Amino acid sequence: MLLCLGLSYARTPVEIRERVAVPGKDLPAAVQSLTGLPDIDEAVIISTCNRMEVYASSSSPATAAGHLDAWMRARFDIPRDVEFFQHTHQDTARHLYAVASGLDSMVLGETEIFGQIKDAYAAAHAAGTTSRELNKLFQESFRVGKNVRNNTQIQRGSTSVGSVAVELAEKIFGDLRDSQVMLLGAGDMSRRCAQSLQSRGAKGIIVSNRSHDRAVELAAEMNGRAITFDEWPTHTALVDVIISSTAAPHTVIHPEQVLPALRRRRGRPLFIIDIAVPRDVDPRVHDIEGVYLYDIDALESLAGETRQRRENEITRCRAIIEEQIQASSLFQPSRQPLPLPT
Amino acid sequence: MSRELLVLILAALCYLGGFGYAFYALKNASYRPGRWTLLVLSIGLVLQTLFLRWRGQAIGGCPMTTPFELLSFISWSIVALYFIIGPAYRLSLLGVFTAPLALLFQASALLRPDALAAAVPKTSHSFWGELHAALALVSYGAFALASAAGIMFLLQDRQLKQHRISPGLRQLPPIHYLTRAIRGLLITGTSLLTIAILSAYRMEKQPHADKLTIVWIVWGLYACLIAYESWRGMSARRAAAAAAVGFLVPIVSLWFVSGK
C-alpha cells in the first residue's frame, strides 16, 4: 500500500519548513534510513523550499504511518503541535500527480517542481529504496504531469511582473540575445526586471540614474555600463528595452524624445516598461507606431489574467488525474487500503 | 475524374485540414508548431508537384497555359516558398497562414470551368516565355506570403497596443522576425518579378502590351514600397499593412493577365 506524509507551504510556516529541508547530497542516506524503519518497504523524499514529503510503500500502512511520523519529528525536531498531512493509497497518487502537475505549487502551474520530483525519485532509485510500487507511482506521476501540462493551459503565460516583461520582450524581439536594455532609475524593481531579461540573454545593460554613483554601482553589479542622466535620450536609438523606475514626481520620457530616436531605429520596435509610481513615461508615447509602452498596471493585469486562466484550468487538470488513477494498475479492486489510525 | 484533378483535390483537402486543425488548436491555445501543419503542407506540396509534373509532360512544357494551371502553380509556389522562407526567418507558424492561402488559390483553380479541360500540348516552346511565367508566379507566391506575415504582424501589433495577449495569438512569431520576413519576402518577390519582366522582353512573341503594363504596375507598387522603406524609413506597422493589403493588386492583376 502507498502512503505519503509531509508538510508544505500551504499550512506550515517557513520557520518549520527550513528545519525539515534535506539537501540533495543527504537524500540517499535519508531514504535509506527510512527503509530501515519497520514496515517501510520503499521510500522517496521530495524536499524543496516549499514542501517536504515522504512517499512510502508498506504492507502495514497503519503502523508505517506512525513510524514515518516519529522519524520526521525525531530527525528534524518537529514539535507535536505541528501536524503533517497524510494520504494513503489512491489519495497518495492523487496528491503526487497534483504536485507533479504544479497544482499544489505556490505559483499555480509552475514547472520547476516537475524536475525536483524527478531528481528526488532518481536519488531514491539510485539509493535502492524504490521498487515495484513507488517505481510505478512515480513513472505515472511523470506521465500525468506531462499530460496535464500539454493538454491544459495550466503552465501557459506569465504570472509575475518580471516574467510578463520577459514574455512581452520575447514577443516583440524573439531572441533577446541581440537586445540591449537601458535602466532609468536604479530601483530594486527595475533591477529585478532587468535581471529577468538578462537571464534570457539580453546584453548590454545601460544604467542611467540621477545619482550617478548609484548608476555606476548598479551597472557594475549587472555587468553593464553607467551613463549620466542627461545622456539617456541619446541612447534611446541604440536600446530595445527601456525599464524606467525613477522617483521623479513628473514624467521623464516624452514623445518628443522618442520620435527622433525611432526614426534612427529603421523600423526596429521599442519596448518601454514603466514601473514607476507616479509614472515616468508620458502615455502618449504608446500612441507612437513601433513603441509598446507597458506601465505597472498593464503588467499586473496581464499577470493577473494568466493566474485567473490557470485557476480556471484546475478542473480539467483534476479530471486528467482522476482518469489516470482509474486506469492505473496500482489501484485494482484487490488492492484496497487499510484505514489509518486516527 | 482524371488523376490530375484527383491529386489537386487531395492537395486542397490537405490544406483545408491543415488550416482547420491549426485554427482549432490556436483557438484552444494548444497549437504545436511543426507537427500536423507541416505534415499536411508537405503532402499537399507533393501532390501538387505530381500534378505539375503530369501536366507538364502532357503539355510538353511548363504547365502555365490556362488560368486553372496558373492558379494551381501559384498555390504550389506559396507552399514551396514557405518551406524555403519559413525556417530562414524562424516562422513556424507562418504555415498556419500559408495553408488557407494555398487552399484559396487551389480551390479557385479547381472551381474554374477550364479545370475539367484536357491539357493541350504546346506547338512551340519559348524558354524566355516559360521563365517569365514561372518567375512571375513564384514572385506572386512571395507576395502572398508577405501578405500572410503582414496579417500576423497586424494581429499581434493590435494586441500589444491593447495590452492583451490572447492564448491563441501568444504562439505567433515575434513581430521583429515578422518585420524581417516581410521585407525579405517583398525583396525576393520584386527581384523575381524584375527578372520575369525582363524575360518577357526576350520572348520572340512578346505578351500583349496591356498585360505587360499591368505587371509593370504590380512591380512598381512593390519597388516603390521597398524604396520608400529603405530611403525614407517606414514604421513596421505600415510596412506590414502595405504588404497585407498590397497583395490585392497582384490578385486583381491575375484576373487580367491570365485572361485569354
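What you see is a predicted model, and the numbers here were worked out from it, not measured in a lab.

Student: Just to check I follow, could you spell out the overall build of chain B for this structure?
Tutor: Across its full length, chain B holds 9 helices and 0 strands. Order of helices (α) and strands (β) in chain B, N terminus to C terminus: α-α-α-α-α-α-α-α-α. If you line up chain B on its principal axes, its C-alpha atoms span 60 × 45 × 25 Å. Taking as baseline every contact in chain B between residues at least 6 positions apart, the subset at least 24 positions apart corresponds to 82%.

Student: Mind showing me how you'd approach the confidence of the model for chain A here?
Tutor: The predicted structure's coordinates, where accompanied by low pLDDT, should not be read in detail. Residues with a pLDDT of 70 or more make up 97% of chain A, whose mean pLDDT is 90. Considering each helix and strand of chain A separately, the mean pLDDT is smallest for helix H8 (residues 188-199) of chain A, with a value of 84, and largest for strand S2 (residues 42-47) of chain A, with 96.

Student: What exactly am I supposed to notice about the interface of chain A and chain B here?
Tutor: Reports of interface size often rely on the accessible area that becomes lost once the parts have come together. Contacts between the two partners involve 19 residues from chain A and, on the opposite side, 18 residues from chain B. Of all elements in the fold, only helix H7 (161-173), strand S10 (291-295) and helix H12 (296-327) of chain A reach the threshold of two or more residues within the side of chain A that touches chain B. Class assignment of the residues belonging to the side of chain A that touches chain B gives a composition of 7 nonpolar, 5 polar and 7 charged.

Student: What should I look at first to understand the nonpolar core in this one?
Tutor: One recurring pattern in soluble globular proteins: nonpolar side chains tend to sit buried together. Counting 127 residues, the largest nonpolar core has B:Leu145, B:Ala149 and B:Ile182 as the members making the most contacts within it. Here the element with the most residues in this core is helix H5 (residues 127-161) of chain B; it accounts for 16 residues. Formed by 50 residues, the second largest nonpolar core is a distinct cluster that contains A:Cys4, A:Ala65, A:Tyr97 and A:Val99.

Student: Looking at this structure, how should I read the sheet that holds S10(A)?
Tutor: To summarise the sheet geometry, strands pair through backbone hydrogen bonds and adopt either a parallel or an antiparallel arrangement. Residues and elements named next belong to chain A. The parallel open sheet is built from 6 strands, whose spatial order is S7-S6-S5-S8-S9-S10. Edge positions in the sheet fall to strand S7 (225-228) and S10, since each has one partner strand and no second. Across the sheet, the axes of successive neighbouring strands diverge by a mean angle of 20 degrees, strand direction being ignored. Taken together, the 4 bridges between strand S6 (residues 203-209) and S7 define a ladder with parallel strand orientation. Bridge assignment links isoleucine 206 to a residue of S7, and that residue is arginine 225. Against the sheet, helix H9 (residues 212-221) contacts S6 and S7, and its axis sits at roughly 160 degrees relative to S6.

Student: Even after reading the chapter, I still don't get unusual backbone geometry, so can you show me in this structure?
Tutor: With the exception of glycine, most residues fall at negative phi, and the peptide bonds are largely trans. Residue and element names in this part refer to chain A. Of note, the bond from valine 277 into proline 278 is cis; its omega dihedral lies within 30 degrees of zero at 0 degrees. Within the secondary structure, proline 278 sits in the loop between strand S9 (270-274) and S10. A positive phi is found at aspartate 39, a non-glycine position, where the angle reads about 70 degrees. As for its position among the elements, aspartate 39 is in the loop between helix H2 (27-35) and S2. At asparagine 223, a position not held by glycine, the phi torsion is positive, near 60 degrees.

Student: I'm lost on the packing of helix H6 (residues 175-200) of chain B against helix H8 (residues 236-246) of chain B in this one. Help?
Tutor: Between two packed helices, both the angle of their axes relative to each other and the distance between the axes serve to describe the pair. Residue and element names in this part refer to chain B. Here H6 crosses H8 at 50 degrees, and the two axes come no closer than 10 Å. Judged on the interaxial angle alone, H8 and H6 are oblique. Pair H6 / H8 crosses with left-handed handedness. Listed contacts from H8 to Ile175, Thr179, Ile182 and Leu186 of H6 are Ala236, Ala239, Ala240 and Ala243. Across the contact of H6 with H8, the residue classes tally to 7 nonpolar, 1 polar and no charged.

The rules behind these values
- Residues numbered from 1 in each chain as written.
- Chains lettered and ligands numbered in written order.
- Predicted model: local features only at pLDDT ≥ 70, side-chain atom pairs only at ≥ 80, totals over all residues.
- Helix = DSSP H or I, 4+ residues; strand = E, 2+ residues; numbered from the N terminus.
- Contact = placed C-beta atoms within 7 Å.
- pLDDT = per-residue confidence, 0-100.
- Nonpolar A, V, L, I, M, F, W, Y, C, P; charged D, E, K, R; others polar.
- Core = buried A, V, L, I, M, F, W, Y, C linked by C-beta atoms within 7 Å.
- Buried ≥ 20, exposed ≤ 12 C-beta atoms within 10 Å, placed from the backbone.
- Pairing = 2+ DSSP bridges.
- Axes fitted to C-alpha atoms, helices over the stretch in contact; angles between N-to-C directions.
- Parallel < 35°, antiparallel > 145°, perpendicular 65-115°, else oblique.
- Left-handed = near helix turned anticlockwise from the far one by under 90°.

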